[in-house]
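Each chain, letter by letter, is given below.
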Amino acid sequence: MKWPDELIFIPNSRMPQKTTTVRMDGRVCILTGATSGVGYHAVKRLAEGGARLVLVCRNAEKAAHVKDELEGEYRTSVRILKTDFSRLAEVRKAAGTILEEYPRIDVLINNAGIHMSRRILTEDGMETAFYVNHLASFLFTRLLLTRLLESAPARIIQINSQGHRFGGLDLDDLNWDRRRYRGLQGYGASKVAQLLTVWELADRLKGMGVTVNAMHPGGVRTNIGMNNGFLYQWYQRLLIWPILKAPRISGEAIYYLAAAPEMAEVSGRFFNLTIDEKPAPHALDRAIGKQVWKISETLTGLAEMNG
Ligand SMILES: NC(=O)c1ccc[n+]([C@@H]2O[C@H](COP(=O)([O-])OP(=O)(O)OC[C@H]3O[C@@H](n4cnc5c(N)ncnc54)[C@H](OP(=O)(O)O)[C@@H]3O)[C@@H](O)[C@H]2O)c1
């Protein structure tokens, strides 16, 4: 049976996944949001593969537990940078510390993410999902880019989502002032914005030894959405969790994208776990992508920095 493009993620999610046994000994990997779910399983797998880790996390206590576990179990070095991605000042500070302390970066994995069932604004007055899922990772990547280029070959992996298929991105109403906020579309908008900037960045990095790809980490049982109200939590635990998979598959897929030699020169692609997949048409609109790039530079202050 030939599946239509819009539904291709269904058969893809049942395909056998690619894995690699190639080790990452001593490679510096930076991952955001390592305290739970997808990120936690990714850093476990990276530590098992010998990577040196920098975990960028908002909860110091949870991060300390992960550090103890990884250092105890895998004898690797783990550095924690306490950073809340809903504050761009903290993102800038974390990037500054990394630039001071790490002369090379081999892999950057932007994983921290959130799903909001209600419209809540950040301290800067922006919708939270867009800010945390897209703007903060956009800024973090850009601030570390020179170091990634100096470290080439290097890889950037954006943990995106099939949620991009929900759409929701309206460049004239990023803050949902004029529309009724819907969680899935708010989440979708943030992931569409991120995908569109992946294609832009991949073009800019062509031939420079740094790749950038996006991936959907599978439909997996994690804490995503648990920041929302009791009803949402109940719905998630009772109705959604039973149909989801264990997040170990996400860790394995991220490791593959970070380590596999055959991925060394692949860039500007979207992966469903490890399967190369065509995103939704609205996430492939390069004209809108160029606008998103510009708006994101303005909102993060990068436009001002770059003059
Ligand atoms: N689970 C799925 O089925 C699924 C599907 C598609 C895509 N994804 C994507 O996978 C990524 C990881 O999500 P998950 O499912 O593993 O959810 P999760 O268990 O809730 O983990 C999210 C991680 O992001 C961190 N985080 C959230 N807001 C943050 C902020 N403001 N600043 C810094 N860190 C923050 C969380 O920190 P705390 O531990 O402190 O909360 C946690 O470490 C997200 O980008 C999500 O969109 C997940």
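On a predicted model such as this, the values are computed, not experimentally measured, just so you know.

**Q** I tried to follow the packing of aromatic side chains on my own but got confused; where do I start?
**A** For any pair of aromatic rings, the description rests on two quantities: the centre-to-centre distance and the angle between the ring planes. What the rule picks out here adds up to 4 aromatic pairs. Note on Phe85 and Phe140: the rings are 5.6 Å apart at their centroids and 75° apart in plane angle, and the pair reads as edge-to-face. Of this pair, Phe85 sits in the loop between strand 3 (78–82) and helix 4 (88–101) while Phe140 sits in helix 5 (residues 128–150), and the two are 55 residues apart along the sequence. Ring centres 5.1 Å apart and planes at 80° place the aromatic pair Trp176 and Tyr181 in the edge-to-face group. The exposure class of Trp176 is buried, given its relative accessible area of 4%. Classification of Tyr181 by relative accessible area gives buried; the value is 11%. Here the basic side chain of Arg45 rests over the ring of Tyr255, its NZ or CZ set 3.8 Å away from the ring centre. The residue whose ring lies beneath Arg204 is Trp293, and the NZ or CZ to ring-centre distance is 4.0 Å.

**Q** Explain the site of the ligand to me, please; I cannot follow it from the model alone.
**A** Residues in contact with the ligand amount to 30 residues; listed here are only the nearest, Thr35, Ser36, Lys62, Tyr187 and Thr222. With respect to the ligand, the side chain of Thr35 contributes an N or O atom lying 2.6 Å from an oxygen atom. Interatomic distance of 2.8 Å between a backbone N/O atom of Asn111 and an oxygen atom of the ligand. When the ligand is considered free in solution it has 890 Å² of accessible area, and contact with the protein chains removes 93% of it. Of all elements in the fold, only helix 2 (37–48) and helix 6 (183–205) reach the threshold of two or more residues within the shell around the ligand.

**Q** Before we go on, may I ask you to explain unusual backbone geometry in this structure?
**A** Trans is the common state for peptide bonds, and a negative phi is the common state for residues other than glycine. Here the bond from Ala152 into Pro153 is cis, since omega is 5°, no more than 30 degrees from zero. For Pro153, the location among the structural elements is in the loop between helix 5 and strand 5 (154–159). One non-glycine residue, Arg75, lies in positive phi territory at about 55°. Look at Arg75 and you get exposed, because its relative accessible area is 74%. Its identity is not glycine, yet Leu273 carries a phi of approximately 55°, on the positive side. The topology assignment puts Leu273 in the loop between strand 7 (270–272) and strand 8 (275–276). Assessed through its relative accessible area of 4%, Leu273 is described here as buried.

**Q** Quick question: what am I supposed to make of the pattern of salt bridges here?
**A** Side-chain pairs of opposite charge can arise whenever the charged atoms involved come near each other. Applying the stated criterion across every chain yields a total of 22 salt bridges. With its nearest N and O atoms 3.9 Å apart, the salt bridge here joins Arg45 to Glu48. Of this pair, Arg45 and Glu48 both sit in helix 2, 3 residues apart, which is roughly one turn of the helix. Its relative accessible area of 13% is what places Arg45 among the buried residues.

**Q** Is there a simple way to explain helix 3 (residues 60–74) in this structure?
**A** Spacing of three or four residues puts side chains on the same side of an α-helix, whose turn is 3.6 residues. Taking 1.5 Å per residue as the helical rise, helix 3 with its 15 residues ought to reach 21 Å, and the 21 Å between its terminal C-alpha atoms agrees with that figure. Of the residues making up helix 3, those classed as buried are Ala63, Val66 and Leu70. Mapping the buried residues of helix 3 onto a view down its axis gives an arc of 60°, with all of them on the same face. Exposed residues on helix 3 whose side chains face more than 90 degrees from its buried face are Glu61, His65, Asp68 and Gly72. As for helix 3, its buried residues are in contact with helix 2, strand 2 (52–57) and strand 3. The N-cap of helix 3, judged by a side-chain oxygen 3.1 Å from the amide nitrogen of Glu61 a few residues on, is Asn59.

**Q** Explanation requested: the environment of Thr19 in the structure shown.
**A** Its place among the elements puts Thr19 in the loop between helix 1 (9–13) and strand 1 (28–32). Given the relative accessible area of 53%, Thr19 is considered exposed. Sequence-wise, Thr19 and Glu252 are 233 residues apart; in three dimensions their C-alpha atoms are separated by 6.9 Å. Beyond its immediate chain neighbours, meaning those up to four positions away, Thr19 contacts Glu252 and Tyr256.

Calculation criteria
Residues numbered from 1 in each chain as written. Predicted model: local features only at pLDDT ≥ 70, side-chain atom pairs only at ≥ 80, totals over all residues. Heavy atoms only, no water. Phe/Tyr/Trp six-rings, centres within 6.5 Å; stacked < 30°, edge-to-face > 60°. Helix = DSSP H or I, 4+ residues; strand = E, 2+ residues; numbered from the N terminus. Buried < 20%, exposed > 50% of the residue type's maximum accessible area, 1.4 Å probe, protein only. Lys NZ or Arg CZ within 6 Å of the ring centre and 35° of its normal. Near = heavy atom within 4 Å. Polar contact = N/O pair within 3.5 Å; in protein donor to acceptor, adjacent residues only side chain to side chain. Areas by Shrake-Rupley, 256 points an atom, 1.4 Å probe, with all protein chains shown as cover. Salt bridge = Lys/Arg side-chain N within 4 Å of Asp/Glu carboxyl O. Expected span 1.5 Å × (residues − 1). Arc of directions from axis to C-beta. Contact = heavy atoms within 4.5 Å.

These figures capture arrangement, not role.
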